[in-house]
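Residue-level structural notes
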Amino acid sequence: MIAVSEEVREASARGAVVALETSVVAQGLPPPHNLEAARRCARAVRDEGAVPAAIAVIGGRIVVGASDVELERLADPARKPAKAGVRDLAALCAAGRDAGTTVSATCAIAALAGIRVFATGGIGGVHRRGPPPEPLDVSSDLLELARQPVCVVCAGPKAILDLPATAEALEALGIPVVGFRTGEMPAFFTDGSGVKLEHRVEDAAQAARVLRLHWDELRQRSGVLLCVPPPSPLPRAEVESALALALADAARRKLSGKEMTPFLLGQLARATAGRTLQANLDLLENDARIAGKLASALRAALET
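Here we summarise the structure given alongside this text. (Residues numbered from 1 in each chain as written. Predicted model: local features only at pLDDT ≥ 70, side-chain atom pairs only at ≥ 80, totals over all residues. Heavy atoms only, no water.)

**Comments concerning helix α3 (residues 33–47)**
So the rule is basically this: Starting at the N terminus, helices and strands are each numbered in turn, a helix being any DSSP run of H or I of at least four residues and a strand any DSSP run of E of at least two. For a helix, the expected span equals 1.5 Å multiplied by the residue count minus one. Relative accessible area decides the class of each residue, using a 1.4 Å probe on protein chains only: under 20% of the type maximum gives buried, over 50% gives exposed, and in between gives partly exposed. Whether two residues touch is decided by their heavy atoms; if any such pair falls within 4.5 Å, the residues are in contact.
Relative to the 21 Å expected for 15 residues at 1.5 Å per residue, α3 spans 21 Å between its end C-alpha atoms, a close match to the ideal helical length. Three or more residues of α3 are buried, namely N34, L35, A37, A38, R40, C41, A42, A44 and V45. Against β2 (17–20), α2 (23–28), β3 (51–58), α4 (68–75) and α12 (275–303) lie the buried residues of α3. Remark: G49 follows α3 within two positions and exhibits a positive phi of approximately 85°.

Shown next as structure tokens:
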């Protein structure tokens, strides 16, 4: 059911591996930016001495280390690939479907494959609730982070979320949140969340030490969130203004669940003349680069 590429299998035994999600390819970004993002992330991981392992569902099989041909298949909107959270994996595999994996599904498969570092753009969290009061919408990303020993390198929660509520949920679930050269939780492609972080590291070696202590010495089973500020952020006030209009439009269309995030991100890209899209591409590549450094540092620490 789980096919691990030969390159990833060999690197897992002797080197450093970074898991990469593929929902960004299947749903998160429009063509041709979706494939561009996947290739830029893979190259950034390799530049730091690690091996990229894109995780996807292809024809009902879970693939760890998807090939460029498989990524092209996922990137084709005409094939209508599914969006796979962790709860969807068994059903999608049984149906023989193609699917891009979200943070929750990628975390689960990475843990099964023994991969400890995973790079993504922004994680899911607690969604904003508008009037009239809507049902609480909490991403399964948070619950999976709480139970899988994987370090997720990201630019914080997506800017469309309720960021203070997401930070509280992370704390309640016992998920360590560590800033990479920052004392503030990043907010995806914007210039800050206003949420202070208690812990920070200055380089990959410090981050690797935190992971070793958390998992190997303290025997904690949760994941760790390593938050990296975006390299080309947009002003938060501008994004909030555009987001308010996008949320009102989503409410009129009665969108919810898995439809919401791609819709809102698409609306923000249009409202900012593509600048959120470019910022997203930049932060994805930057997160992959930091994850490559971390995976290499973690491998080096294990060998000493």
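Resuming the write-up.
**Remarks on the layout of surface pockets**
For the record, the criterion: A cavity here means a set of 1 Å grid points, computed over protein atoms only, where a 1.4 Å probe fits but cannot escape. A pocket is an open set with protein on both sides within 12 Å along at least 5 of 7 lines, and lining residues have an atom within 4 Å of a point. Grid points are joined across faces, edges and corners, and a volume is the space filled by probe spheres set on the points. Side-chain classes are defined by residue name, with Ala, Val, Leu, Ile, Met, Phe, Trp, Tyr, Cys and Pro counting as nonpolar, Asp, Glu, Lys and Arg as charged, and the others, Gly among them, as polar.
By volume, the largest pocket amounts to about 710 Å³. What lines the largest pocket is a set of 35 residues, among which K83, T102, S139, D141 and T261 lie closest to the centre. For the lining of the largest pocket, the secondary structure elements donating two or more residues are α2, α6 (103–112), α7 (140–147), α11 (260–271) and α12. A breakdown of the residues in the lining of the largest pocket according to their chemical character gives 11 nonpolar, 16 polar and 8 charged.

**Digging into unusual backbone geometry**
A cis amide bond links P31 to the next residue, P32, at an omega of 0°. Among the secondary structure elements, P32 is positioned in the loop between α2 and α3. Although it is not a glycine, K80 sits at a positive phi angle of roughly 50°. Under the relative-accessibility criterion, K80 is labelled exposed at 64%. Notably, R181 is not glycine yet its phi reads approximately 60°, a positive angle.

**Some details on the pattern of salt bridges**
Where we set the bar: Salt bridges are counted wherever a side-chain nitrogen of Lys or Arg sits within 4 Å of a carboxyl oxygen of Asp or Glu.
Scanning the entire structure with this criterion turns up 18 salt bridges. Taking the shortest distance from any N to any O, the salt bridge between E7 and R46 comes out at 2.7 Å. With E7 in helix α1 (residues 6–14) and R46 in helix α3, this residue pair connects regions lying 39 residues apart in the sequence. Here E7 falls in the partly exposed class, since its relative accessible area comes to 36%. Judged by relative accessible area, R46 falls into the partly exposed class, the value being 42%. A salt bridge links R39 to E72; its shortest N-O distance comes to 3.1 Å. Residue R39 is located in helix α3, and its partner E72 is located in helix α4; the two are separated by 33 residues in the primary sequence. The exposure class assigned to E72 is partly exposed, which follows from its relative accessible area of 38%.

**A word on the pairing of strand β4 (residues 61–64)**
The two faces of the sheet receive side chains in turn, since in a regular strand these alternate between them. Cut-off, in case you're wondering: Any two strands with at least two DSSP-identified bridges between them are counted as paired.
Pairing geometry for strand β1 (residues 2–4) and β4, over 3 bridges, is parallel. Each residue of the ladder has a partner; that of A3, found in β4, is V63. Pairing between β3 and β4: 4 bridges, direction antiparallel. The residue bridging I55 from the neighbouring strand is V64, located in β4.

**A word on empty space enclosed by the protein**
Rolled over the atoms, a probe with the dimensions of a water molecule shows which regions are left empty. For the coordinates displayed, the defined rule picks out 1 cavity of 30 Å³ or more. In this structure, the largest cavity encloses a volume near 40 Å³. Lining the largest cavity, in full, are C151, V178, A207, V210, L211, V224, L226 and L294. Secondary structure elements with two or more residues in the lining of the largest cavity: α9 (204–217) and β11 (224–227). With 3 residues, α9 is the largest single contributor of residues to the lining of the largest cavity. Tallied by class, residues from the lining of the largest cavity come to 8 nonpolar, no polar and no charged.

**Focus: the packing of α3 against α4**
Heads up, the condition is: Between N-to-C directions, angles span 0 to 180 degrees; the directions come from axes that are lines fitted to C-alpha atoms, helices contributing only their stretch in contact. Between 65 and 115 degrees an angle is taken as roughly perpendicular, under 35 as roughly parallel, over 145 as roughly antiparallel, and anywhere else as oblique. Crossing handedness is read from the near helix: turned anticlockwise from the far helix by less than a right angle, it gives a left-handed crossing, and turned clockwise, a right-handed one.
Following both chains from N to C, one finds α3 and α4 inclined at 150°, their axes separated by 9 Å at the closest point. Looking at the two axes, α3 sits roughly antiparallel to α4. Between α3 and α4 the crossing geometry is right-handed. Residues N34, L35, A38 and R39 of α3 lie in contact with α4, whose contacting residues are D68, L71, E72 and A75. Residue composition of the contact of α3 with α4, by class: 4 nonpolar, 1 polar and 3 charged.

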